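What follows is the residue order along each chain.
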Amino acid sequence: MASQLVRSGVKAARAVISASRNSSLLSGKGVAAAALSNAGRKLSTAASFYENSGGYNASHNRLFSAALAIPVAGYMLMDKEAHAAELERTFIAIKPDGVQRGLIAGIISRFERKGYKLVAIKLIVPSKEFAQKHYHDLKERPFFNGLCDFLSSGPVLAMVWEGEGVIKYGRKLIGATDPQKSEPGTIRGDLAVVVGRNIIHGSDGPETAKDEIALWFQPSELVSYTSNAEKWIYGVN
């Protein structure tokens, strides 16, 4: 009986792995949760029956505890994996005007205070050709050449930030392209005046973020780590 309990617990844990590999995150989590719940009920019922039948002792108690912990631990692991999958990365760049005006620390502080995590950063003076790659989607616009000239006119602080919803909310922190239309409290609303000197750039969507990160950074320059603050930001223990 005791060995059967352990086998049931292991089977439940395996269900988590199988569901996460063969299904989407949402459906996989549901399938695994159902398997774990069912296994937990079987373990609890079997343990109760075994105790009432008189075949229960201290050694079995430890075994039952370990068996019951398997599905619980599996569900906790699955929940943490789901949370990790929700985190995304975005590309943020402080343009030459922001660097020259000494606004780096203040801008970084806004993202940190929000709870986002810095995973890559470097100061670089991009070439004109590099700037053209960055603004390739605007090459048909009349201001394209001037835009590229400006981006390559001085140092740019390139960064990658990570967090839940960082792409969309990062844009909110930055503010509208035209500082005159940016809300007070946003970076551009507080620190910029005209469109041509709006001090910062941020990816406008998941695909753009992926492309811009790949353009500005090598994979080896991106750091993956767990911040000590994450449990206070997301509630992951």
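Bear in mind that the values here come from a model prediction, so they are computed numbers and not experimental data. (Residues numbered from 1 in each chain as written. Predicted model: local features only at pLDDT ≥ 70, side-chain atom pairs only at ≥ 80, totals over all residues. Heavy atoms only, no water.)

Chemist: Would you mind going over the overall build of the chain with me for this structure?
Modeler: Per the secondary structure count, the chain includes eleven helices and four strands. The burial tally for the chain puts 37% of its 237 residues in the buried class. Residue pairs in contact within the chain that sit at least 24 positions apart in sequence constitute 77% of those at least 6 positions apart. Approximately 13,600 Å² of the chain is accessible, and the part contributed by carbon and sulfur atoms is 54%. (Helix = DSSP H or I, 4+ residues; strand = E, 2+ residues; numbered from the N terminus. Buried < 20%, exposed > 50% of the residue type's maximum accessible area, 1.4 Å probe, protein only. Contact = heavy atoms within 4.5 Å. Areas by Shrake-Rupley, 256 points an atom, 1.4 Å probe, with all protein chains shown as cover.)

Chemist: I keep staring at the sheet that holds strand E1 (residues 87–94) and nothing clicks. Help me out?
Modeler: For sheets, the rule is that strands pair by backbone hydrogen bonds, running either parallel or antiparallel. One open sheet holds the four strands; their spatial order is E2-E3-E1-E4, and the pairing between them is antiparallel. Taken across any chain shown, the strands that pair with only one partner, and hence form the sheet edges, are strand E2 (117–124) and strand E4 (200–202). When the angles between neighbouring strand axes are averaged without regard to direction, this sheet yields 20°. In this sheet, strand E3 (residues 156–164) lies alongside E1 in antiparallel orientation, the contact comprising eight bridges. Its bridge partner being in E3, Leu-87 is matched across the sheet by Glu-164. Helix H5 (residues 104–114) contacts E1, E2, E3 and E4 of the sheet and is inclined by roughly 10° relative to E3. (Pairing = 2+ DSSP bridges. Axes fitted to C-alpha atoms, helices over the stretch in contact; angles between N-to-C directions.)

Chemist: Hey, could you run me through the pattern of salt bridges in this one?
Modeler: Opposite charge on two side chains lets them pair, provided their charged atoms get close. As enumerated under the stated definition, the model contains six salt bridges in all. In this structure, Lys-117 engages Glu-162 in a salt bridge whose closest nitrogen and oxygen atoms are separated by 3.1 Å. Here Lys-117, found in strand E2, pairs with Glu-162, found in strand E3; they are 45 residues apart in sequence, far enough to count as distant. Assigned by exposure class, Lys-117 and Glu-162 land together as buried. Glu-230 is the partner of Lys-117 in a salt bridge, and the nearest nitrogen-oxygen pair spans 2.7 Å. Highlighted residues: Lys-117 in strand E2 and Glu-230 in helix H11 (residues 230–233), separated in sequence by 113 residues. (Salt bridge = Lys/Arg side-chain N within 4 Å of Asp/Glu carboxyl O.)

Chemist: Which parts of the structure should I look at to understand the pairing of E1?
Modeler: Each regular strand shows side chains that alternate between the opposite faces of the sheet. Bridge analysis of E1 against E4 gives three bridges, and the strand direction is antiparallel. Bridge pairing in E4 links Ala-93 to His-201.

Chemist: What is the right way to read the nonpolar core from this model?
Modeler: In summary, soluble globular proteins display a tendency toward joint burial of nonpolar side chains. Judged by nonpolar contacts, the single largest core of 19 residues is most densely connected at Ile-92, Ile-107, Phe-111, Met-159, Trp-161 and Ile-200. Every element with two or more residues in this core is listed here: E1, H5, E3 and helix H8 (166–174). Broken down by element, this core gets its largest block of residues, four residues, from H8. Core analysis: the second largest hydrophobic core is formed by 17 residues, Phe-91, Phe-130, Ala-131 and Cys-148 among them. (Core = buried A, V, L, I, M, F, W, Y, C linked by side-chain atoms within 4.5 Å.)

Chemist: I tried to follow the UniProt feature "binding site: ATP" (unreviewed entry) in the chain on my own but got confused; where do I start?
Modeler: UniProt feature "binding site: ATP" (unreviewed entry): in the numbering of this structure it lies at Lys-95, Phe-143, Arg-171, Thr-177, Arg-188 and Asn-198. The annotated residues that sit in the lining of the largest pocket are Lys-95, Phe-143, Arg-171, Thr-177, Arg-188 and Asn-198. When you line up the elements, Arg-171 lands in helix H8. A relative accessible area of 35% places Arg-171 in the partly exposed class. Once residues lying within four places of it in the same chain are set aside, the contact partners of Arg-171 are Gly-202, Ser-203 and Asp-204. (UniProt positions renumbered as here; feature names shortened; annotations may be inferred. 1 Å grid on protein atoms, 1.4 Å probe; cavity = no way out; pocket = protein on both sides within 12 Å on 5 of 7 lines; lining within 4 Å.)

Chemist: Which parts of the structure should I look at to understand the layout of surface pockets?
Modeler: Any space left empty among the atoms is revealed by the rolling of a water-sized probe across them. When its volume is computed, the largest pocket comes out at roughly 710 Å³. Looking at the largest pocket, it is lined by 28 residues, and the ones nearest its centre are Tyr-135, Asp-137, Leu-138, Leu-147 and His-201. For the lining of the largest pocket, the elements supplying multiple residues, two or more each, are helix H6 (128–134), helix H7 (144–151), E4 and helix H10 (206–216). With four residues, the top contributor of residues to the lining of the largest pocket is H10. Taken together, the residues of the lining of the largest pocket sort by class into eight nonpolar, ten polar and ten charged. (Points joined across faces, edges and corners; volume = space filled by probe spheres on them. Nonpolar A, V, L, I, M, F, W, Y, C, P; charged D, E, K, R; others polar.)

Chemist: How should I be thinking about the environment of Val-194 in this particular structure?
Modeler: For Val-194, the position within the fold is in the loop between helix H9 (187–191) and E4. The exposure class assigned to Val-194 is partly exposed, which follows from its relative accessible area of 44%. A sequence separation of 13 residues divides Val-194 from Lys-181, and the C-alpha atoms of the two residues are 9.9 Å apart.

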